[in-house]
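Notes for the structure review
In case you want the letters, here they are:
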Amino acid sequence: NKMSLEKATLLVSEWLANGHFFIDRNNKPIFANAVTCSENGIIEAGKLNPKDQVQITGWCGGTMTAFAMLTVSEKYRNIAVENIDFMVSECLAKSGLAESYYNCDKWSSIGKNQNDTFWNHIRMPSDFITYLLKAFTYESENGVKHIEWCETARKGLDALCDIREDSGSFGYRINKSA
């Protein structure tokens, strides 16, 4: 049996809202990435190890997940907006590109089992920008303007253009902190 996109989106939204989250320092629920945390990739609501990477900005989480949640219901829309607002206000590196991971304490582009010389995969900031703009467009079409979302996406796009101008190209790994 094939599942509709609407049904799949609802199921993921319910799963996230019913326990796959952590409480940030402002006492708001921030959803965790589906494949994050402890060795077994399993998370129990409220029992997150702060050393684990519990939020990511792209790939299979972050703005990509939030964009899908915007379309389900007002309850899930509110959670999605809070999560996007959280990322927009906190995840940018000095370059203007999104950091990749949040561990309940700080943002980083260095993943678990990676070292500081690791050049970061471009998919995280590109997913972040792409789905941030999709979310911005969806909300705008429904009468809600999030100007800071658009400004944040612009910073990321400017950073990617700067990399392209400075280097003549860029591969799938970049130095987001520079």
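Since the model is a prediction, treat every value here as computed from it, not as a measurement.

Moving on, we get to the sheet that holds strand β3 (residues 55-56). Within the open sheet, the three strands sit side by side as β3-β4-β5. Their pairing is antiparallel. Looking at which strands have only one partner, the edges of the open sheet turn out to be β3 and β5 (107-108).

A few words on helix α5 (residues 147-167). With 21 residues, α5 extends 30 Å between its outermost C-alpha atoms, agreeing within 8% with the 30 Å of an ideal straight helix rising 1.5 Å per residue. By the burial criterion, the buried members of α5 are W149, T152, A153, G156, A159 and L160. Each buried residue of α5 lies within a common arc of 115° when the element is viewed along its axis, so the set occupies one face. With respect to the buried face of α5, the exposed residues turned more than 90 degrees away are R154, E165 and D166. At the C-terminal side of α5, G168 shows a positive phi close to 85°.

This brings us to the packing of helix α2 (residues 62-70) against helix α3 (residues 74-90). Here α2 crosses α3 at 155°, and the two axes come no closer than 8 Å. The orientation of α2 with respect to α3, classified from their angle, is roughly antiparallel. As for how α2 packs across α3, the hand of that crossing is left-handed. Between α2 and α3, the residues in contact are G62, T63, A66, M69 and L70 and Y76, R77, I79, A80, V81, I84 and M87, respectively. Broken down by class, the residue content of the contact of α2 with α3 amounts to nine nonpolar, two polar and one charged.

Now for helix α4 (residues 123-141). The end-to-end C-alpha separation of α4 is 26 Å, in line with the 27 Å expected for 19 residues at 1.5 Å each. For α4, the set of buried residues is M124, P125, D127, F128, I129, L132, A135, F136, E139 and S140. A positive phi of about 85° marks G143, the residue just after α4.

What counts, and where the lines are drawn
Residues numbered from 1 in each chain as written. Predicted model: local features only at pLDDT ≥ 70, side-chain atom pairs only at ≥ 80, totals over all residues. Heavy atoms only, no water. Pairing = 2+ DSSP bridges. Helix = DSSP H or I, 4+ residues; strand = E, 2+ residues; numbered from the N terminus. Expected span 1.5 Å × (residues − 1). Buried < 20%, exposed > 50% of the residue type's maximum accessible area, 1.4 Å probe, protein only. Arc of directions from axis to C-beta. Axes fitted to C-alpha atoms, helices over the stretch in contact; angles between N-to-C directions. Parallel < 35°, antiparallel > 145°, perpendicular 65-115°, else oblique. Left-handed = near helix turned anticlockwise from the far one by under 90°. Contact = heavy atoms within 4.5 Å. Nonpolar A, V, L, I, M, F, W, Y, C, P; charged D, E, K, R; others polar.

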